Amino acid sequence: TWPTKRLETITECLDSKRKPVTAAQRPSGNVPYFGANGQQGWIDTAIFDETLILVAEDGGHFDAPERGVAYKVSGPSWVNNHAHVLRPLPEVTAEYLHRSLKHFNFLPFISGRTRAKLNKNQLNRVEIPVPPLKLQWDFDEKMAIVDQKMGNLGILVDEANNLYNAELARHFPS
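Small disclaimer: the values here were computed from a predicted structure and weren't measured.

Participant: Describe the overall build of the protein chain, with residues and values.
Facilitator: A count of helical and extended segments in the protein chain gives four helices and 10 strands. Tracing the protein chain from N to C terminus, the helices and strands come up as β-α-β-β-β-β-β-β-β-β-α-α-β-α. Dimensions along the principal axes, computed over C-alpha positions, put the protein chain at roughly 60 × 45 × 35 Å. Burial analysis of the protein chain (174 residues in total) assigns 40% to the buried set. Restricting to contacts in the protein chain with at least 6 residues of sequence separation, those with at least 24 account for 71%.

What follows is the structure, encoded as structure tokens:
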């Protein structure tokens, strides 16, 4: 087994750089604008321009972690105050960190009576196993292949659905 480490020892939290902007105040642009559950829209400037892991702070799917509570962003981005922003430190890869947190059960770390909230102190207490970097790189490489194959399967499923619908329409016109 690998040692477990607290997030505060393997990431840098960049929450102080987040900026909330209402949709009405958000100038349209080509930079993704992120919140608790992923991209919320577009904006004209970036706060960040690197690979980061975002973890829902409030409004996340904490009671249904299979839906995902963390996601990886790369390149220019703007993050509002509903997602924590984590920069992996050198002993953990962004991909490994993302996969470790994406479906993590954060419920033991949640506070808030009316709306579930994962505050920064609780997030920092979360522990994950940290294998040697060589194993993380191998894992990342294998996951890239899996992701590519899943994407190819998605395309095939879409093509099959289109063919099915075309044949239905051809044989059973309305």
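Participant: Any chance you could break down the sheet that holds strand S5 (residues 48–49) for me, citing the residues and the numbers?
Facilitator: A sheet is described by the order of its strands in space; here four strands give the open sequence S4-S3-S8-S5, paired in mixed fashion. Two strands close off the open sheet at either side, each with one partner strand: strand S4 (38–43) and S5. As judged from the two bridges shared by S5 and strand S8 (residues 76–79), these two strands associate in the antiparallel manner. Each residue of the ladder has a partner; that of Phe48, found in S8, is Ser77.

Participant: So what about the pattern of salt bridges? Which residues, and what values?
Facilitator: Summed over all chains, the structure comprises 12 salt bridges. The network of salt bridges with shared partners includes Asp15, Arg18, Glu57 and Lys117.

Participant: Can you explain helix H2 (residues 94–102)? Please cite residues and give values.
Facilitator: Burial runs high along H2: seven of the nine residues are buried. All buried positions along H2 are accounted for by Ala94, Glu95, Tyr96, Leu97, His98, Ser100 and Leu101.

Participant: Can you lay out the confidence of the model for the protein chain for me, pointing to particular residues and giving the numbers?
Facilitator: For the protein chain, per-residue confidence averages 91 on the pLDDT scale, and 100% of positions sit at 70 or higher. Predicted confidence in the protein chain is weakest over helix H4 (residues 133–171), with a mean pLDDT of 86, and strongest over helix H1 (residues 7–10), with 98.

Definitions and cut-offs
Residues numbered from 1 in each chain as written. Predicted model: local features only at pLDDT ≥ 70, side-chain atom pairs only at ≥ 80, totals over all residues. Heavy atoms only, no water. Helix = DSSP H or I, 4+ residues; strand = E, 2+ residues; numbered from the N terminus. Buried < 20%, exposed > 50% of the residue type's maximum accessible area, 1.4 Å probe, protein only. Contact = heavy atoms within 4.5 Å. Pairing = 2+ DSSP bridges. Salt bridge = Lys/Arg side-chain N within 4 Å of Asp/Glu carboxyl O. pLDDT = per-residue confidence, 0-100.

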